[in-house]
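# Commentary on secondary and tertiary structure
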Amino acid sequence: MISLTDDGFSDADIKGLKLAFSQSYSTTNAATTRSGLGIIQANHRTGWQSNKDADVKGKGIARSLDWHLATMASNDMEREEMTYKLLECLPRSVLASLQRRMTPLLQFDIVGSLPTELSLLIFTHLQAASLLTCSLVSKRWHALAIDQVLWRRLCYAHGWEWRTDVSAPTPWDGLGDADPADAVVPEERDEDEGMGDEEEDEDEGSGEGPGDIVDFIGDDSVDWTSMPMDIDDIEAQGLSHLLIPITSAALSSSSTTAITPISRITSQYGVLPRSTHLAPDYKLLHQTHMLLHNRFCQGAYRRRTLPSADAGGHSAAVYCLWLWTYPAGLDGRSAPLQVLFTGSKDRTVREWDLRTDRVRRVVGELHDSSVLSLCVSSDFVKSGEDALANEPSSAGFLVTGGSDRRVVVWDLGKDKLIKVLQDHLDSVLCVRVDSGRLATCSKDRTVRTYGFPSLKPQFVFRAHRAAVNAVSVVGDVIVSGSGDRSVRVWNANTGALISTFEEHHARGIASIEFKPPYLLSGSSDMHLRMFDIASSQGWSTNPEFNTIPSATASTSTSSQSHAQDNIAMIPGQGTAPFFLHSSLTRFDTMRPDANTVVCHACGSHGLTARREQERHTHLVRSVALGEEFAVSGSYDLTIKVWDRKTGALVAELNGGHTGRIFCVGFDCTKIVSCGEDQRICIWDFSHGIDTSFIKL
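About the criteria used
Residues numbered from 1 in each chain as written. Predicted model: local features only at pLDDT ≥ 70, side-chain atom pairs only at ≥ 80, totals over all residues. Heavy atoms only, no water. Pairing = 2+ DSSP bridges. Helix = DSSP H or I, 4+ residues; strand = E, 2+ residues; numbered from the N terminus. Axes fitted to C-alpha atoms, helices over the stretch in contact; angles between N-to-C directions. pLDDT = per-residue confidence, 0-100. Contact = heavy atoms within 4.5 Å. Phe/Tyr/Trp six-rings, centres within 6.5 Å; stacked < 30°, edge-to-face > 60°. Buried < 20%, exposed > 50% of the residue type's maximum accessible area, 1.4 Å probe, protein only. Arc of directions from axis to C-beta. Disulfide = S-S within 2.5 Å. Core = buried A, V, L, I, M, F, W, Y, C linked by side-chain atoms within 4.5 Å. Salt bridge = Lys/Arg side-chain N within 4 Å of Asp/Glu carboxyl O. Expected span 1.5 Å × (residues − 1). Polar contact = N/O pair within 3.5 Å; in protein donor to acceptor, adjacent residues only side chain to side chain. Left-handed = near helix turned anticlockwise from the far one by under 90°. Nonpolar A, V, L, I, M, F, W, Y, C, P; charged D, E, K, R; others polar. Patch = residues over 30% accessible without salt bridge, like charges linked within 9 Å, V, L, I, M, F, W, Y side chains within 5 Å. Areas by Shrake-Rupley, 256 points an atom, 1.4 Å probe, with all protein chains shown as cover.

### A few points about the sheet that holds strand 8 (residues 349-353)
With antiparallel pairing, four strands are arranged side by side in an open sheet as 6-7-8-9. Only two strands of the sheet have a single neighbouring strand rather than two, namely strand 6 (318-326) and strand 9 (358-363). Taken over all neighbouring pairs, the strand axes of this sheet differ in orientation by 25° on average, direction set aside. Where strand 6 lies against strand 7 (residues 337-344), eight bridges are found, and the strand directions are antiparallel. If you follow Y326 over to strand 7, its bridge partner there is L337.

Following this line, the structure appears as structure tokens:
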């Protein structure tokens, strides 16, 4: 019999207990096991409660007994069985207490226990929303989820960069013009000189033969119009810290136009300019971009208009514009400077400082008539036969095309004329520069290319049968769109016609933008069309467009010659089958059913009806393509924002123009537009947010 004395369990008791348990597990007699445990339970209940002094000594002996019992079992299974038998003897209340004490022992953080490098490697497979959720799990996970390495990777995947040379922005001083509600459209509508005539019926098939396709030439009164937006949009993104409370007196100079929810937000919050950023905060960068993305989707903007002719602006219709950012260190500036170039029928080009809405420079006397197109580029060849005698300025070059048939190149850094080209026989409708190459197109139905900035002539493309309204050059590929309703793809290195898309639109093509592998086009048929050249997939705002365009390679070149062209950006080496694409009318597969919505106006079904409501109602004069959105400007006085992947209408901007819209452009913070009414509108989606650290 085991007895409890003042000195606790005796050595004989311990030996007897060990022997009892050894015998119970060496045989299959379960009764012996219960008997031995009964002895322990009896002594535990009677002897340990009889004497306080003995209880103290007994605890010490009991701890020794625990060790003996633990070591007596030969494996984990025996220990598990022994523990279970002990737990069976305890009351339910004690078991509940043990369960609460054991719960932390059962929770093991595998990810948190790994080395930091391995934990971060696991987290690199998560998207931003999942990282934000993980940051709420524990302190360890929070430290991992906000690591800059993870957020920098997410930002780089979108092409978002941190601007390290941040300086305090100059406060906007309200120099923009108000948009008067009673503005009057000019009685006499000017002709749009920037658009060529469409192909006439009698000219069908009158294009040049294959041998004539290419000629090688050789050696605060601003209109604060806002769209509804709730403050939850800011709080949901975790960006409330970007909005700093200010007094109402600080906003006393603001416009007193109709108040909307977003106006109420900005009446209570202002922006605290960041003078410096010691280290990049990529989580903040990502969240700010996502907030801007949401504002684009919600159409939450503030609109202002640049000064009119009375305050130094243009005195006639504005045909073209271009956003440009000067690099840091230029002219003694410590930070980059974003400006806007605009070209007008008044024969001038104006450069606007978007921080103050003031005109920085007027470049006049370049053209004898309207400036129809312009672009700015610092992408030039610095050495070799195409190099200039003098090193070009890092500020970049301004290239303009006009109705006087001229192409003018201007050095912005040295503020001087470089050269005037007069090779075209009619108005120059579009000019573009990329990869040390200048491409121009004209009403004379040709596309010309030059070395840049040497301006040495290279090729003339003559395949179009009507005015070439738009051209785009990226790397070794040139894409042109014409009034003959076709899109043609050229090899810029050899001058070869790679592929032709006949009947790409129902009417003449007015504008295109090519960002490999995506090609976006707008047309006189009031529709947009975009497709991915690599996958032959895309979308159109015209669901009835069910004619598969013929993509044919030039007969003057063979597949072998195309292979030698080595156009790296286009898989398939530019062979004709690669350029074949579908009619881009995935929506036609929809069939009317019981759940289909019918348009009462036109009787169309489902997505067809929706498309009819979303599309432009007049010629699509200008298009712009970004990473997430496509933007279009039309003669119907509206600007529409489309989802680049699906073609869904994201937002519609109206009320800014009273005349036809001629050109649109945008970046991640704003959309800019100009038109027949001489207005230059800035649709600002970044109001109330610090974006000084975003690289534009």
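### Thoughts on the sheet that holds strand 23 (residues 518-523)
Spatial strand order, 22-23-24-25: four strands in an open sheet with antiparallel pairing. The strands lining the two open edges of the sheet, one partner per strand, are strand 22 (509-515) and strand 25 (537-540). Within the sheet, the average angular offset between the axes of one strand and its neighbour, ignoring direction, is 10°. As defined by bridge partners, strand 23 adjoins strand 24 (residues 528-532) across five bridges and the pair is classed as antiparallel. The partner of S521 across the bridge, within strand 24, is R529.

### Focus on the confidence of the model for the chain
When pLDDT is averaged along the chain, the result is 74, and 61% of the positions lie at 70 or above. Below pLDDT 50 for its whole length, residues 385-390 participates in eleven contacts with residues either more than four positions away or in separate chains. Every residue in residues 546-550 scores below 50 in pLDDT, and together they form 14 contacts with partners more than four places removed in sequence or on other chains.

### Re the packing of aromatic side chains
Evaluated as defined, the whole model comprises 14 aromatic pairs. Residues F296 and F629 carry aromatic rings whose centres are separated by 5.4 Å and whose planes lie at 15° to one another, so their mutual orientation is stacked. Residue F296 is located in helix 13 (residues 282-298), and its partner F629 is located in strand 28 (residues 629-634); the two are separated by 333 residues in the primary sequence. When sorted by exposure, F296 lands in the same class as F629, which is buried.

### What to know about helix 7 (residues 116-123)
Looking at helix 7, one finds that the buried residues are S119, L120 and F123. Projection of helix 7 onto a plane perpendicular to its axis shows the buried side chains occupying an angular sector of 100°, all on one side. When the buried face of helix 7 is taken as reference, the exposed residues oriented beyond 90 degrees from it are E117 and L121. Those residues of helix 7 that are buried are in contact with helix 6 (110-113), helix 8 (128-134), helix 9 (139-145) and helix 10 (148-158).

### Focus: the state of the cysteines
Applying the stated rule across the entire model yields zero disulfides. Free cysteine C375: the closest other cysteine sulfur is in C430, separated by 7.9 Å. Considering cysteine sulfurs only, C663 is the nearest to C674, which forms no disulfide, with 4.9 Å between them.

### Some points on unusual backbone geometry
Geometrically, the link from F452 to P453 is a cis peptide bond, its omega value of 10° lying close to zero. The residue P453 is located in the loop between strand 16 (447-451) and strand 17 (457-461) in this model. In this structure, the amide linkage connecting P516 to the following residue, P517, adopts the cis form with an omega of 0°. Secondary-structure assignment places P517 in the loop between strand 22 and strand 23. Of note, the phi angle at R405 is positive, near 75°, even though the residue is not glycine.

### Regarding the nonpolar core
Among the nonpolar cores identified, the biggest contains 23 residues, and F123, L131, W151, W162, Y282, L285 and F693 are the most heavily contacted of them. Going through the elements one at a time, helix 7, helix 8, helix 9, helix 10 and helix 13 are the ones with two or more residues in this core. With five residues, the top contributor of residues to this core is helix 13. In this structure, Y326, L330, L337 and L398 belong to the second largest nonpolar core, which totals 18 residues.

### Thoughts on the pattern of salt bridges
Enumeration over the complete set of coordinates arrives at 19 salt bridges. A salt bridge links E81 to K85, with the nearest nitrogen and oxygen atoms 3.6 Å apart. Of this pair, E81 and K85 both sit in helix 4 (residues 76-88), four residues apart, roughly one helical turn. Relative accessible area serves as the criterion here: at 35%, E81 is assigned to the partly exposed category. For R485, the salt bridge is made with E503, and the minimal N-O distance between the two is 3.1 Å. In this pair, R485 sits in the loop between strand 19 (477-482) and strand 20 (487-491) while E503 sits in the loop between strand 21 (497-501) and strand 22, placing the two residues 18 residues apart along the sequence. Beyond isolated ion pairs, a larger network of salt bridges with shared partners links E351, R360, R361 and D415.

### As for helix 13
Over its 17 residues, helix 13 runs 24 Å from end to end, which matches the ideal 24 Å to within 8%, given 1.5 Å per residue. The element helix 13 is extensively covered by neighbouring structure, given that 14 of its 17 residues are classed as buried. The backbone nitrogen of K283 has a side-chain oxygen 3.3 Å away, supplied by the residue at the start of helix 13, namely D281. Note on helix 13: the residue one or two positions beyond its end, G299, has a positive phi of about 65°.

### Describing the side chain of S480
Here S480 shows up in strand 19. S480 sits in the buried class, given a relative accessible area of 0%. Among the polar contacts made by the side chain of S480, one reaches the side chain of W490 at a distance of 3.0 Å. Setting aside residues up to four positions removed in sequence, S480 forms contacts with V447, H464, V468, A470, V471, S486, V487, R488, W490 and I512.

### Observations concerning the pairing of strand 16
Across the five residues that make up strand 16, a large majority, five, are buried. Burial along strand 16 is two-sided: the face carrying V447, T449 and G451 and the face carrying R448 and Y450 are both buried. Note that strand 15 (residues 437-442) and strand 16 share five bridges and pair antiparallel. Following the sheet pairing, L438 is matched in strand 16 by Y450. The loop that links strand 15 with its antiparallel partner strand 16 comprises four residues; one of these, R445, has a positive phi angle of about 75°.

### Quick look at the packing of helix 10 against helix 13
Remark: helix 10 packs on helix 13, axes separated minimally by 8 Å, with the N-to-C direction vectors making an angle of 40°. For the pair helix 10 and helix 13, the crossing hand works out as left-handed. Residue-level inspection shows Q148, W151, R152, L154, C155 and Y156 of helix 10 in contact with helix 13, the latter providing Y282, K283, L285 and H286. Of the residues in the contact of helix 10 with helix 13, the class split is six nonpolar, two polar and two charged.

### What about a nonpolar patch on the surface?
Side chains of L90, V94 and L95 sit close together on the surface and give an oily, nonpolar patch of about 190 Å² of accessible area. Within the secondary structure, L90 is located in the loop between helix 4 and helix 5 (92-106).

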